[in-house]
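Understanding the architecture of this molecule
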Amino acid sequence: MSRAALLVLADGRFPAGGHAHSGGAEAAVRAGRITDAPSLEEFCRGRLHTGGAVTAALAAAAALDADPGELDRAADARTPSPALRAAARRLGRQLMRAARATWPHPELDALARRFPKGAHQPVVLGLAARAAGLGPEDAAYCSAYEGVSGPATAVVRLLSLDPFDATAVLARLAPEVDRVVQDAVDVARRAVSEGPDVLPARSAPLLETGAEAHATWPVRLFAS
Amino acid sequence: MHLDHHHDGPAAVSADAHRPDGTRRALRIGLGGPVGSGKTATVAALCRALREELSLAVVTNDIYTREDAEFLLREAVLPPERISAVETGACPHTAIRDDISANLEAVEDLEDEVGPLDLVLVESGGDNLTATFSKGLVDAQIFVIDVAGGDDIPRKGGPGVSTADLLVVNKTDLAPYVGSDLARMAADAKAQRGELPVVLQSLRSEDGVRDVADWVRARLAAWTA
Ligand SMILES: Nc1nc2c(ncn2[C@@H]2O[C@H](COP(=O)(O)OP(=O)(O)OP(=O)(O)O)[C@@H](O)[C@H]2O)c(=O)[nH]1
Ligand SMILES: [Mg+2]
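Residues numbered from 1 in each chain as written. Chains lettered and ligands numbered in written order. Predicted model: local features only at pLDDT ≥ 70, side-chain atom pairs only at ≥ 80, totals over all residues. Heavy atoms only, no water.

1. Quick look at the interface of chain A and chain B
- Taken together, the contact between chain A and chain B spans 26 residues of the former and 30 residues of the latter.
- Between chain A and chain B, a total of about 2200 Å² is buried, with carbon and sulfur atoms accounting for 47% of that surface.
- Taken as a group, A:His19, A:Arg97 and A:Arg100 account for 30% of the area that chain A buries against chain B, more than any other trio of residues on that side.
- Linking chain A with chain B are six salt bridges, by the criterion used here.
- Inspection of the region where chain A meets chain B yields ten residue pairs in polar contact (both at pLDDT 80 or more).
- For the side of chain A that touches chain B, the secondary-structure elements that each account for two or more residues are helix H5 (82-102) and helix H6 (106-114) of chain A.
- Broken down by element, the residue count for the side of chain A that touches chain B peaks at six residues, all from H5(A). (Contact = heavy atoms within 4.5 Å. Buried area = accessible area lost by both parts, 1.4 Å probe. Salt bridge = Lys/Arg side-chain N within 4 Å of Asp/Glu carboxyl O. Polar contact = N/O pair within 3.5 Å; in protein donor to acceptor, adjacent residues only side chain to side chain. Helix = DSSP H or I, 4+ residues; strand = E, 2+ residues; numbered from the N terminus.)

2. Regarding the nonpolar core
Residue and element names in this part refer to chain A.
- If you look at the biggest cluster of nonpolar residues, it comprises 45 residues, and the most contacted ones within it are Ile34, Leu40 and Leu71.
- If you list the elements that add at least two residues to this core, you get helix H2 (25-30), helix H3 (37-63), helix H4 (68-77), helix H8 (136-159) and helix H9 (163-194).
- Top contributing element to this core by residue count: H3, with 13 residues.
- Those residues in contact with Ile34, other than ones at most four positions away along the chain, are Ala25, Ala28, Val29, Ser39, Leu40, Phe43, Val155 and Leu159. (Core = buried A, V, L, I, M, F, W, Y, C linked by side-chain atoms within 4.5 Å. Buried < 20%, exposed > 50% of the residue type's maximum accessible area, 1.4 Å probe, protein only.)

3. Quick look at the pattern of salt bridges
- Enumeration according to the criterion identifies 32 salt bridges over all chains in this entry.
- Between A:Arg172 and A:Glu41 there is a salt bridge; the shortest N-O distance is 2.7 Å. Within this pair, whereas A:Arg172 is found in helix H9, its partner A:Glu41 is found in helix H3, the two being separated by 131 residues in sequence.
- A residue is classified by how much of its surface remains accessible, and A:Glu41, at 11% relative accessible area, is buried.
- With a closest N to O distance of 3.6 Å, B:Asp188 and B:Arg184 form a salt bridge. Of this pair, B:Asp188 and B:Arg184 are both found in helix H8 (residues 182-193), four residues apart, which corresponds to roughly one turn of the helix.
- Residue B:Arg184 is classed as partly exposed on the basis of its relative accessible area of 34%.
- Several salt bridges share partner residues, and in doing so they unite A:Glu41, A:Glu42, A:Arg45, A:Arg172 and A:Glu176 into one network.

4. Focus: the sheet that holds strand S1 (residues 27-32) of chain B
All names here are of chain B.
- The strand order across the open sheet formed by seven strands is S3-S2-S4-S1-S5-S6-S7, and the pairing between neighbours is parallel. Strand pairing shows two members of the sheet lacking a second neighbour, strand S3 (83-87) and strand S7 (198-200), which therefore form its edges. The sheet shows a mean angle of 20° between the axes of neighbouring strands, direction not considered.
- Pairing of S1 with strand S5 (residues 140-146), which is carried by four bridges, proceeds in the parallel orientation. (Pairing = 2+ DSSP bridges. Axes fitted to C-alpha atoms, helices over the stretch in contact; angles between N-to-C directions.)

5. Section: the coordination of the magnesium ion (ligand 2)
Residues and elements named next belong to chain B.
- For the magnesium ion (ligand 2), the protein coordination sphere consists of Thr40 (OG1), Asp68 (OD), Asp68 (OD) and Glu123 (OE), at 2.0 to 2.6 Å.
- What the six donor atoms of the magnesium ion (ligand 2) show is an angle range of 51 to 173° at the metal, which sorts the shape as irregular.
- Sequence spacing of the donor residues for the magnesium ion (ligand 2), all on one chain, is T-x27-D-x54-E. Of the two residues, Asp68 sits in helix H2 (residues 67-74) while Glu123 sits in strand S4 (residues 119-123), which places them 55 residues apart along the sequence.
- The class for Glu123 is buried, based on a relative accessible area of 2%. (Donors = N, O, S within 2.8 Å, 3.2 Å for Na, K, Ca; no water. Tetrahedral: all angles 85-135°; square planar, octahedral: opposite > 155°, others 65-115°.)

Right, here's the structure in full:
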């Protein structure tokens, strides 16, 4: 296994469509909930321990070879907002394209055939990690980290926040990302034997309602 | 670039000239250039000029609105199902160069849903002089500048002006009002571009898009040859 493969997959420049999404930050900025670096940190912390914990566990389970179809249904059940489900599938489809071109693998081909319009992004991410020769912990790290780095990058653009402050927020969250990843891998191992119902189902209602409102805005910078 | 010919799933790599079923995909032409130079107006004029002879679709990349797509819809240059808008997250050049996935998806969905298509025009959001399209997204690109943006732009060069397959200097009708020297713009463009073609056009004049439409026809003839 190549450690550097993890850097390729986790790189914010990996061309899988994420740059057009704010992870709910655009709606939170408009609602006045993110105004500066401290409020960005609170937003990211909330996201990490709710949706982030769920997607990290899904990604880890997919990397462990849990059935991707079942995981995709589990992801749907844990994503009440139709706008967020659509965004997750769109990002899954875009990641699928990038992953198949980067690490060609029959399991990715099979998932692409089964979900031509896209499976949930964390499920694709887990399989992409497998195709790259990476493990469940790596997949969970990619998922948990991009769940906070995406909003941080978006807020730099939305608020002209100092990029050094935004990056420091990510550094302060790092120990919590470690803990979320550890929990995600533990529960993913259980999900392989006991089924996806044991996966966490935490949600953040403001992210869900914010995403629904955001999807109706006529003028916006980010797709979600 | 030919990873996926024998699979029946969606293509892995889309610069490939063939669709998953083995047929030749549509020619894709990108239109980039600074804000307000006339990209959407050129797309609209091309649609009007070519829609009788070709099966066409358009992808727009608006920066924070759906204005370009809505303009094309309002002008009814094509039926609505042939126009698709991509959201670019505040960074138009990223979506056409560094991470082309959303644009590729839009192009492929158009081919699946309204195809077969001969030609897909991809309009970039208005950007700076360094914004160019990835070869993974388009087969050829047109860079549109205008005389009102300053007649020194061809001299300044940059990747768009110097390397685009076609440079269009638009709004020549405005040259007398903004004091732009068309001959100088043409000479500077020639110096930057060597043999690469340049068209000076005004879309305010009758059949103003004719030269660009002829260039597109020639690219298409080469593509299908
Ligand atoms: N006088 C004159 N005006 C033109 C010409 N072509 C376009 N325009 C006008 O220029 C303005 C901008 O044109 P668009 O086609 O929207 O420009 P664009 O490059 O698509 O702009 P963005 O997408 O916002 O970057 C519009 O008001 C057009 O009507 C031309 O040849 N002459
Ligand atoms: Mg336009």
